[in-house]
Structures are given as structure tokens and as C-alpha cells.
Amino acid sequence: MTQGNTPPDPAYTMGYDENFQQLLRRRSADSHAAYLLPHLKPGDRVLDFGCGPGTISVGLARAVEPGELHGVDMEESQIEMARAAAQAGGHANATFHVGDVTDLPFEDNYFDVAHCHAVLMHIPDTRAVLAEVKRVLKPGGIIASRELFVSSSFLEPGSEDVDNAWRTFARLLQGNGGHPEMGRELKNALLEAGFADILASGSFDYFGSTEDVAFFRAFIDDWFYSPRVIEAAVQFGLASREQFDQWRHGLDEWRDHPGACGGLAFGEAIGVKP
């Protein structure tokens, strides 16, 4: 961090406001875990760690019926939504737990598959998480992760203001102990954690329609320009309030451009516990 200041509390950078919930609800197993689905089979026992509101979890549960899906998240409100989603969809094989991914409430060698989406990027001690996940996987079990890398995410048409806003987002994430480039580091992270036979790939969450662009702009405004985020960025010398005002104007110009589109870049990897 700049100026010798103490970084922000190592909390979940994105928060849990309504627009972020909308982003999570746009995620499903078909759209966000497509790289994993061919590796699942009926009867598998699956861990979805950092499961959030369960929008991906329920699709994984469907894919492994009559097997089990166990979702774990640190935030009780997320688990409540996940349980409601599972009940509404009739996914009786899905169970959700409030818990810490560095101290999972399961015995050794319990799961066939462990999955996470945009989780490792937020956790300071990646090695501890992967070691704990490896503990609860069976020999021959697989881990699958899809993680953001900010440097290849984009808004088009771009501008210097937009580029500076992306860089500030990455520094905020890093200041909270996160890893803004985890998607591109993922293959090596799994190798260093002792997983083998790594299959690495990549994909984008793409915002191309007028509706998508409007949604993405509203999401950015409600998170990146929230008083909490602006105060943290100013306090720790990452940006001034005047810069935030300038960036907001640049985002408005992007949203209103007829060629506007954007993408969040993700790295994906599957590894095997030897």
C-alpha cells in the first residue's frame, strides 16, 4: 500500500449489496461452471466452497443426483439464500453450511469434487485454503476453480479514465489481501498445492447487449462508487474524490456509446488429488 498506511480490513472486497446480489443471480452452473460439468457424474459428492447464494450450487447438485452437494460460505445471509434456492428448485441433495473454508467441517477424503467460483481471489492465504480442500478430497478427486484476472477485463470503447479505475479496483482488492490476477496464476497455484494433471482454460463474462451494459454500469456504480469504497480508496492514498468523479463521467460516456461492451476475464483450472 502507499504512504506506509495499514491496508483495509481483510474483508470480502465486493460486499453484499443488492446489485452484487443481482450479479451473483446471473450466474449458473451452465454459464459459469461449464468447464467442470463434463467431469461430474451421478452419485458424486461435491463441495462448493464459497458458494454464495447457491446459484451455481443448485446446478451442480442437479448434475450429480442422487449424489450430495455441500455448499459452504462464511456469510449467513448467503447460506439462507442458497437454502431457499435449493428448496425452491427441489434440490433435496443440496445442503448448505455457514463455515470457514480454511477449517471445513468434513472428514478427510470425503468429496469426489471441490468447486469454487471467484473465491481464491479474495482469500489472503490461498495455500491454507487449497491444503484444506485437498484434505477433504478423496485420492483421485478433483478441484475446479474459476477466478478473475483484472488485467484482461475490459470496457470498450476504453479510455485512460476507465483504465485507471480498473487499476484502482485491483489495488483495492490487493489491499484487502486478495489476488487480482488469480485467474492467470491459478494453474501454478494448484500445482504448488500438490494437485496434478492440471487442465487450464479461460473464458469471459461478456456484457454486450444494451440491457447487459446498463446492468454492468449500475453494478459498477453501486459498488465501486459506494461511500465505503471511495472512503477506503481516499484514506489509503489510492485515489482522490475528484478522480472518482472523473471516472464516473467516463463510465457514463462508455454506457451511452452505441459500441459499448465489456468483459470480466476468468481463468479456469481443474486439478487432481494424487
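Residues numbered from 1 in each chain as written. Predicted model: local features only at pLDDT ≥ 70, side-chain atom pairs only at ≥ 80, totals over all residues. Heavy atoms only, no water.

Below, the discussion takes up the overall build of the chain. When helices and strands are counted, the chain shows 10 helices and 8 strands. For the chain, whose C-alpha radius of gyration is 19 Å, the value lies close to the compact-globule estimate of 19 Å for 274 residues. Its C-alpha atoms give the chain principal-axis dimensions of about 55 × 40 × 35 Å. Among the 274 residues that make up the chain, the fraction classed as buried is 52%. Long-range pairs, those at least 24 residues apart, make up 79% of the contacts in the chain with a sequence separation of at least 6. Here the chain has roughly 12,100 Å² of accessible surface; of this, 50% comes from carbon and sulfur atoms. Within the chain, one finds 22 positive and 40 negative side-chain charges whose respective centroids are separated by 4 Å. (Helix = DSSP H or I, 4+ residues; strand = E, 2+ residues; numbered from the N terminus. Rg over C-alpha atoms; globule rule 2.2 N^0.38 Å. Buried < 20%, exposed > 50% of the residue type's maximum accessible area, 1.4 Å probe, protein only. Contact = heavy atoms within 4.5 Å. Areas by Shrake-Rupley, 256 points an atom, 1.4 Å probe, with all protein chains shown as cover. Lys, Arg positive; Asp, Glu negative; His and termini not counted. Charge placed at Lys NZ, Arg CZ, Asp CG, Glu CD.)

This paragraph deals with the pairing of strand E8 (residues 261-272). The buried fraction of E8 amounts to 11 of the 12 residues, a majority that puts the element mostly inside the structure. Note: strand E5 (residues 137-148) against E8, 7 bridges, orientation antiparallel. By the bridge assignment, isoleucine 143 is partnered in E8 with glycine 271. Pairing between strand E7 (residues 196-207) and E8: 10 bridges, direction antiparallel. When the sheet's bridge partners are listed, alanine 196 is paired in E8 with valine 272. (Pairing = 2+ DSSP bridges.)

Turning next to helix H4 (residues 76-89). With 14 residues, H4 should cover 20 Å at 1.5 Å per step; its first-to-last C-alpha distance of 20 Å lies within 8% of that length. Residues of H4 that are buried include every one of Gln78, Ile79, Ala82 and Ala86, and no others. Around the axis of H4, the buried residues are gathered within 95° of arc, so they sit on the same side. Exposed positions of H4 whose direction lies more than 90 degrees from the buried face are Gln87 and Ala88. Immediately downstream of H4, the backbone of glycine 90 shows phi near 70°, a positive value. (Expected span 1.5 Å × (residues − 1). Arc of directions from axis to C-beta.)

With that settled, the discussion passes to the pattern of salt bridges. Inspection of the entire model under this criterion finds 16 salt bridges. One salt bridge connects arginine 135 with aspartate 108, and the closest N-O pair in it is separated by 2.7 Å. Residue arginine 135 is found in helix H5 (residues 126-136), and its partner aspartate 108 is found in the loop between strand E3 (94-98) and strand E4 (111-117); the two are separated by 27 residues along the sequence. Of the charged contacts, one joins arginine 217 and aspartate 252 as a salt bridge, the two residues approaching to 2.8 Å between their closest N and O atoms. Placement of the pair is arginine 217 in helix H8 (residues 210-224) and aspartate 252 in helix H10 (residues 241-256), with a sequence separation of 35 residues. Relative accessible area serves as the criterion here: at 25%, aspartate 252 is assigned to the partly exposed category. Here the salt bridges do not stand alone but share partners, grouping Arg217, Asp221, Asp245, Arg248, Asp252, Arg255 and Asp256 into one network. (Salt bridge = Lys/Arg side-chain N within 4 Å of Asp/Glu carboxyl O.)

Before going further, it helps to spend a moment on the nonpolar core. Grouped together as the largest cluster of nonpolar side chains are 61 residues, with contacts concentrated most on Leu47, Phe49 and Phe224. Within the second largest apolar cluster, 22 residues are counted, among which are Val46, Ala61, Ile79 and Ile142. (Core = buried A, V, L, I, M, F, W, Y, C linked by side-chain atoms within 4.5 Å.)

Taken as a whole, this structure holds 0 disulfides when the rule is applied. In this model cysteine 116 remains outside any disulfide bridge; the closest cysteine sulfur is found in cysteine 51, 11 Å from its own. (Disulfide = S-S within 2.5 Å.)

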